[in-house]
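Given next are the chains, with one letter for each unit.
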Amino acid sequence: MGQALCCIQVDQSTVAIRETFGKFDDVLDPGCHCLPWFLGSQLAGHLSLRVQQLDVRCETKTKDNVFVTVVASIQYRALTEKAADAFYKLSNTRAQIQAYVFDVIRASVPKLDLDSTFEQKNEIAKAVEEELEKAMSAYGYEIVQTLIVDIEPDEHVKRAMNEINAAARLRVAANEKAEAEKILQIKRAEGEAESKYLAGLGIARQRQAIVDGLRDSVLAFSTNVPGTTAKDVMDMVLVTQYFDTMKEIGASSKSSSVFIPHGPGAVRDIATQIRDGLLQANTTEL
């Protein structure tokens, strides 16, 4: 209806291409324009000035012979001052951009191994952007930004990489666990050594206290009872302790059967053995 009245409307962020008798005439900016069709003017088409995005998936091979799929995202737009070139020079803009992306990626990635490809994806994106900018500017397009959004190795390669990573982490965990167990064993051994040392000190002090107590008892008895010797007092003390021990063994319900030779001669022998043992212990400690 607008063209019947020789008027057309061009929307915002869009330009229109006007032709006169089939030849390019002018680029119409957004707004209302007069298009006298009876003078040979006609509307050839519209061209969007909005930023557009093209996602390209390119399969290639790395230097270490691993096939990967590189996903590149290209953001581009037509230039207002070169709208005629953008409209007339390219019949399929997206296919043209895709061809350049394939060319650059397949020239860059085979020079890198797999790990370097992941590390240098920004450099790959920059190389793609520079090549596209140089090529597409002649056709009236501006490359706004180029991103390498994903690098996908083969599924078997990804599984192998995950297994390698898992094995490395398990190895680190095993080393840490072994180191922790080593520290625990060292600390436990140090604790046992300290405990035995303190127990030895306690036993030594206990024996020393027993010897001192017996000595004091013998001296006090010899002083208070005239005519007795230290040997007589010691025999009496040992016999008293012997009978106390027999009493405790008989009174305990959990005691096993113990066979001890008993009689007047046996008591004398036991007293002699106990006295000799205590004297030897005292001599060793001193």
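Located above this text is the structure these notes cover.
All values reported here derive from a predicted model rather than from experimental measurement. (Residues numbered from 1 in each chain as written. Predicted model: local features only at pLDDT ≥ 70, side-chain atom pairs only at ≥ 80, totals over all residues. Heavy atoms only, no water.)

So, the overall build of the protein
Worth spelling out the cut-off: Secondary structure elements are defined from DSSP: runs of H or I of at least 4 residues count as helices, runs of E of at least 2 residues count as strands, and each element is numbered from the N terminus. Throughout, exposure labels follow a simple rule: accessible area from a 1.4 Å probe, protein chains only, divided by the maximum for the residue type, with under 20% read as buried, over 50% as exposed, and the rest as partly exposed. Whether two residues are in contact is decided by their heavy atoms: any pair within 4.5 Å suffices. Only the protein chains shown count as cover for residues, and all accessible areas are computed by the Shrake-Rupley method using a 1.4 Å probe.
Looking only at helices and strands, the protein has seven helices and eight strands in total. Relative to its full complement of 286 residues, the protein shows a buried share of 28%. Residue pairs at least 24 apart in sequence account for 63% of intrachain contacts in the protein once pairs closer than 6 positions are excluded. Per element, the accessible surface of the protein, about 19100 Å² overall, is 54% carbon and sulfur.

Regarding the packing of aromatic side chains
Our working definition: Aromatic pairs are defined between Phe, Tyr and Trp rings, using the six-membered ring for Trp, whenever the two ring centres lie within 6.5 Å; interplanar angles under 30 degrees are classed as stacked, those over 60 as edge-to-face, and all others as tilted.
Applying the stated criterion to the full structure yields three aromatic pairs. Plain terms: the ring middles of Tyr76 and Tyr141 are 5.9 Å apart, the flat faces sit at 65° to each other, and that makes the pair edge-to-face. Of this pair, Tyr76 sits in strand β7 (residues 67-78) while Tyr141 sits in strand β8 (residues 141-153), placing them 65 residues apart in sequence. Judged by its relative accessible area of 2%, Tyr76 is buried. Classification of Tyr141 as buried rests on a relative accessible area of 6%. Put simply, the rings of Phe24, Phe87 and Tyr88 touch in pairs and so form one group of aromatic residues.

A few points about the sheet that holds strand β3 (residues 23-28)
The following threshold applies: The criterion for strand pairing is that DSSP finds at least two bridges linking the strands in question. In this analysis an axis means a line fitted to C-alpha atoms, helices contributing only their contacting stretch, and an angle means the value between N-to-C directions, from 0 to 180 degrees.
Taken together, the three strands give an open sheet; going across it, the order is β3-β2-β5, and neighbouring strands pair in antiparallel fashion. Lying at the two open borders of the sheet, with one neighbouring strand each, are β3 and β5 (41-48). Neighbour-to-neighbour, the strand axes of the sheet open up by a mean angle of 30°, direction not taken into account. Judged from the five bridges that link them, strand β2 (residues 14-20) and β3 form a sheet pairing that is antiparallel.

Structural notes on unusual backbone geometry
The backbone of Ser13 shows a phi angle near 60°, a positive value even though the residue is not glycine. Along the chain, Ser13 falls in the loop between β1 (7-10) and β2. Residue Ser13 is classed as partly exposed on the basis of its relative accessible area, which comes to 27%. Residue Asn65 is not a glycine yet carries a positive backbone phi of 60°. The residue Asn65 is located in the loop between β6 (52-61) and β7 in this model.

Some details on the sheet that holds β6
One open sheet holds the three strands; their spatial order is β6-β7-β8, and the pairing between them is antiparallel. In this open sheet, the two edge strands, each paired with only one partner strand, are β6 and β8. Here the strands of the sheet are splayed against their neighbours by 20° on average, with no regard to which way each runs. Here ten bridges tie β6 to β7, and the two strands are oriented antiparallel to one another. What sits directly across from Gln53, in β7, is Gln75. In the packing of helix α2 (residues 93-108) onto the sheet, contacts are made with β6, β7 and β8, and the angle to β6 comes to roughly 35°. Against the sheet, helix α4 (residues 121-136) touches β7 and β8, its axis set at about 145° to β8.

Notes on the packing of α2 against α4
Test applied: An angle counts as roughly parallel when it lies under 35 degrees, as roughly antiparallel when it exceeds 145, as roughly perpendicular when it falls between 65 and 115, and as oblique in every other case. Put simply, a crossing is left-handed when the front helix is turned counterclockwise from the back one by less than a right angle, and right-handed when it is turned clockwise. Nonpolar residues are Ala, Val, Leu, Ile, Met, Phe, Trp, Tyr, Cys and Pro. Charged residues are Asp, Glu, Lys and Arg, and all others, Gly as well, are polar.
Taken N-terminus to C-terminus, the directions of α2 and α4 make an angle of 140°; their axes are 9 Å apart at the nearest point. Between α2 and α4, the angle is such that the two are oblique. Seen along the crossing, α2 lies across α4 with a hand that is right-handed. Counting all contacts with α2, which are made through Thr93, Gln96, Ile97, Tyr100, Val101, Val104, Ile105 and Ser108, the residues of α4 involved are Ala127, Val128, Glu131, Leu132, Ala135 and Met136. When its residues are assigned to classes, the contact of α2 with α4 shows ten nonpolar, three polar and one charged.

Keep in mind these numbers describe shape, not what the thing actually does.
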